[in-house]
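# Structure at a glance
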Amino acid sequence: MTDSNTLELARTAMATHDWRGAYDAFLGASVDQALSGDDLEKLAEAAWWTAHPKECIDALERAYAAHSREGDPRRAAAVALNLAEQSSERLQSAQATGWLQRATRLLEALPEGVEHGYLELAMAMTSSGVEEMMKHGAAMLDIGSRFHDNDLQAFGLMVQGLAHVAKAQVEQGMSLIDEATVAAIGGELTPRATGYVYCMTIVVCRDLADYKRAGEWTEATTRWCERQAIGGFPGHCRVRRAEIIRLRGAFADAEDEARHAVQELTAFGDLPIAGVGFHEIGEIRLRMGDLDLAEEAFAEAHQRGNEAQPGLALLQLARGRSVAARSSIRAALTDQPMALARARLLPAQVEIALAVHDVAEARQAAEELQEIASNYDAPLWHATAHQALGVVLTYEGDAPGAIAELREALRHWSQADFPFETAQARRCLGMAHRANGDETSAAMELQAAHGTFERLGAQLEAARCLEMINAGAPKAGRRVARTFMFTDIVGSTNLLETIGDDAWEDVVRWHDETLRSAIESKRGEIVHTTGDGFFATFADAPAAASCAVAIQRLLAEHRRQHGFAPQVRIGLHAAEATLMVDDYAGMGVHQAARIGALAEAGEIVVTCETVEREPIPFAVSDERAVSLKGIARPVRVVSIEWRS
């Protein structure tokens, strides 16, 4: 076959979307002749669709050079924009910036054309604010309309739609997105533009928690990919489909789909979306209770530019590292200004904050979730918000209010047919019933949750439910009077940085053994560790105070004899609380935790209410009034004089 025939065959294959045939033919033609800039662009597109990322970049770079030689700066600018996009997808930020600046410089010297519209698209994708996105989207739509470019018009509609959704103008935004998607369905767009529109539509549906719609678009996109013999976009679609399969409770199938997606996307060079795939694998494994494989998957996701949150924070919590979990979720929220993205992090903040008995922080997160649910009015965001508030109310001691909220959450999750989330809501509802003294309803919800978790293969959650069931009445759900103690190592982060991991582990081991022995010797009950400290309860205030003093004296003596012992702060408060199998709930516990956080290094702080109710055998300082987060009125406290 002659070179001209091979080239013609390649062009014909491109016209019929025979990507493999076009790729092979263009490669064959390029061996014996220099391809034009237009043909090199076609080679790059064929390479892109057939998952040959290196060859795609090489062809685009050659196309840029060819257009420059041919005196066509407009096409050279278009190729530079393509290279900027490709570099960005591969996390090559310096090259992405360089190509974008080159395209901008070329287009500044040219009369307005459709390429200026694609420059607006590139600027929209890197814009820092919603109004800026809106402006770029409007410019794209205007230029696309005037130059009769359907792809650019669709992208303009999509960008404006995304901006409206970000502003909580969901109906207006989805109307524009639907219009762009209809153009894709109707065959008005090029294959690549069609794929991008489909993917962006699926992502925004997922962000809005409209999983029914996302599932429909995912299947439509997959069918379109198969008809076009595409080897790239299925990876994108499979990641989203894996999430939907996971939410439907088919964990093994979801993991298979996610791993298939990762393989395709890795071959394709799309590292960020491959990171999303690994994140999804981590979420699946976390739900199954396989913490080691979850950690591996989250690490792979992080390596590819995905923050893997809230999975990483919840993994730390599952491993008992509540302080690290709290720092992790706080950092993720600090870095995330977008409401819908924050909505995916806030439930984890509620769970982690309650694990360290910071009810005020948990309530703040729950209230933010309520605001987001109100603004975006999606059933599953309402489910999330009701559940978060219900759990917070349980810990605040408002069991009837908690039951009402959790029933609403259960209704939404059940209607969505998400079994794992439904079982979680049942477990939370069971504990609220128990706190309300209704053991029959509590047992019914906990047993239903346990059965679902077992069927799904969620081992840790099933074991957690079983423990709650076995506790049963009369122990759990009772209101009890206790003196609560919270301890914490002061300056632990700085100490860790100073002495290193190995020495820190030795310090923590010695600290835990010392405090555990002291608490048990005073007949205290260790509820759980709180990262660098303990949460313990005592039958009365004198026993709690004696234990706190013993701890500080043991640490001081070790410091005197051996030169070092960690500085510890201790807070004490006596109150009634609800026994929750392996924990206590109520504002009294929250107040004790805040008192502990208030203390300085080497200090024991106790509320005046506690020592006035039961005198303790130690001198105390003058009282002072302090303000505590989540407590409306100032609280009177004193410090115990423990140094003999």
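A quick note: this is a predicted structure, and the numbers were derived from the prediction, not measured.

Criteria and thresholds
Residues numbered from 1 in each chain as written. Predicted model: local features only at pLDDT ≥ 70, side-chain atom pairs only at ≥ 80, totals over all residues. Heavy atoms only, no water. Disulfide = S-S within 2.5 Å. Axes fitted to C-alpha atoms, helices over the stretch in contact; angles between N-to-C directions. Helix = DSSP H or I, 4+ residues; strand = E, 2+ residues; numbered from the N terminus. Parallel < 35°, antiparallel > 145°, perpendicular 65-115°, else oblique. Left-handed = near helix turned anticlockwise from the far one by under 90°. Contact = heavy atoms within 4.5 Å. Nonpolar A, V, L, I, M, F, W, Y, C, P; charged D, E, K, R; others polar. 1 Å grid on protein atoms, 1.4 Å probe; cavity = no way out; pocket = protein on both sides within 12 Å on 5 of 7 lines; lining within 4 Å. Points joined across faces, edges and corners; volume = space filled by probe spheres on them. Buried < 20%, exposed > 50% of the residue type's maximum accessible area, 1.4 Å probe, protein only. Phe/Tyr/Trp six-rings, centres within 6.5 Å; stacked < 30°, edge-to-face > 60°. Lys NZ or Arg CZ within 6 Å of the ring centre and 35° of its normal. Expected span 1.5 Å × (residues − 1). Arc of directions from axis to C-beta. Pairing = 2+ DSSP bridges. Salt bridge = Lys/Arg side-chain N within 4 Å of Asp/Glu carboxyl O.

## What to know about the state of the cysteines
Going through the model one piece at a time under the given rule, you end up with zero disulfides. The thiol sulfur of cysteine 205 is not disulfide-bonded, and the nearest other cysteine sulfur, from cysteine 199, lies at 12 Å.

## Here's the deal with the packing of helix α5 (residues 73–89) against helix α7 (residues 114–125)
In helix packing, the relevant descriptors are the interaxial angle and the interaxial distance, both defined with respect to the helix axes. Orientation of α5 relative to α7, taken along the N-to-C sense of each, is 20°, at an axis distance of 10 Å. When the interaxial angle is binned, α5 and α7 end up roughly parallel. Seen along the crossing, α5 lies across α7 with a hand that is left-handed. When α5 is examined against α7, the residues Arg74, Arg75, Ala78 and Leu81 are found in contact with a partner set consisting of Glu115, His116, Tyr118, Leu119 and Ala122.

## Section: the packing of helix α24 (residues 439–456) against helix α25 (residues 459–471)
One way to put it is that α24 packs onto α25 with a least axis distance of 8 Å and a crossing angle of 155°. By the angle class used here, α24 and α25 are roughly antiparallel. Where α24 crosses over α25, the handedness of that crossing is left-handed. Here Leu446, Gln447, Ala449, His450, Phe453 and Glu454 of α24 lie close against α25, whose contacting residues are Glu461, Ala462, Cys465, Leu466, Met468 and Ile469. Across the contact of α24 with α25, the residue classes break down as eight nonpolar, two polar and two charged.

## Let's talk about the layout of surface pockets
Considering only enclosed or pocket space, the second largest pocket measures out at about 1200 Å³ in volume. Lining the second largest pocket we find 36 residues, and of these Val323, Asp488, Thr530, Gly531 and Asp532 sit closest to its centre. For the lining of the second largest pocket, the elements supplying multiple residues, two or more each, are α18 (322–334), β1 (479–489), α26 (492–499), α27 (501–521) and α29 (587–598).

## What about unusual backbone geometry?
Here glutamine 309 and proline 310 are connected by a cis peptide whose omega angle stands at 10°. In this fold, proline 310 is placed in the loop between α16 (291–303) and α17 (311–318). A positive phi is found at histidine 148, a non-glycine position, where the angle reads about 55°. Considering the arrangement of structural elements, one finds histidine 148 in the loop between α8 (130–146) and α9 (150–166). Owing to a relative accessible area of 69%, histidine 148 belongs among the exposed residues under this scheme. Unlike most non-glycine residues, arginine 523 shows phi in positive territory, near 60°. Accessibility expressed as a relative area gives 80% for arginine 523, which makes it exposed.

## Overview of the packing of aromatic side chains
Enumeration over the complete set of coordinates arrives at 12 aromatic pairs. Aromatic pair phenylalanine 484 and tyrosine 584: ring centres 5.6 Å apart, planes at 65°, arrangement edge-to-face. Placement of the pair is phenylalanine 484 in strand β1 and tyrosine 584 in strand β5 (residues 584–585), with a sequence separation of 100 residues. The cationic tip of arginine 192 hangs over the ring face of tryptophan 48; the distance from NZ or CZ to the ring centre is 4.2 Å.

## Focus: α27
Taking 1.5 Å per residue as the helical rise, α27 with its 21 residues ought to reach 30 Å, and the 30 Å between its terminal C-alpha atoms agrees with that figure. Taken as a whole, α27 has its buried residues at Trp504, Val507, Val508, His511, Thr514, Leu515, Ala518 and Ile519. Down the axis of α27, the buried side of the element spans an arc of 140°, and every buried residue falls inside it. Opposite the buried face of α27, at more than 90 degrees from it, the exposed residues are Asp502, Glu513 and Ser521. Next to the buried residues of α27 lie β1, α26, β2 (525–529), β3 (534–538), α28 (541–562) and β4 (568–579). Phi for arginine 523, located one or two positions after α27, is positive at around 60°.

## Notes on the pairing of β2
Relative to β3, β2 is paired through four bridges, and the arrangement is antiparallel. In the sheet register, isoleucine 526 faces β3, and the bridge partner there is alanine 536. Between the antiparallel neighbours β2 and β3 lie four residues, among them glycine 531 with a positive phi of about 90°.

## Concerning α18
In an α-helix there are 3.6 residues to a turn, and that puts residues three or four apart on one side. With 13 residues, α18 should reach 18 Å at 1.5 Å per residue; the first-to-last C-alpha distance of 18 Å fits that figure. Taken together, the buried positions of α18 are occupied by Ser322, Ala325, Arg326, Ser328, Ile329, Ala332 and Leu333. For α18, the arc enclosing every buried residue in end-on projection is 165°, short of the 170-degree limit, so these residues lie on one face. Those residues of α18 hidden inside the fold are in contact with α17, α19 (339–355), α20 (359–376) and α29.

## Structural notes on the pattern of salt bridges
Taken as a whole, this structure holds 42 salt bridges when the rule is applied. Across the pair arginine 62 and aspartate 58 runs a salt bridge whose closest N-O atoms are separated by 3.5 Å. With arginine 62 and aspartate 58 both in helix α4 (residues 53–69), this residue pair falls four residues apart, about one helical turn. What makes arginine 62 partly exposed here is its relative accessible area of 31%. You can call aspartate 58 partly exposed: its relative accessible area is 37%. Between glutamate 255 and arginine 285 there is a salt bridge, with its nearest N and O atoms 3.0 Å apart. In this pair, glutamate 255 is assigned in helix α14 (residues 251–268) and arginine 285 in helix α15 (residues 271–288), connecting sequence segments 30 residues apart. Here glutamate 255 falls in the buried class, since its relative accessible area comes to 7%.

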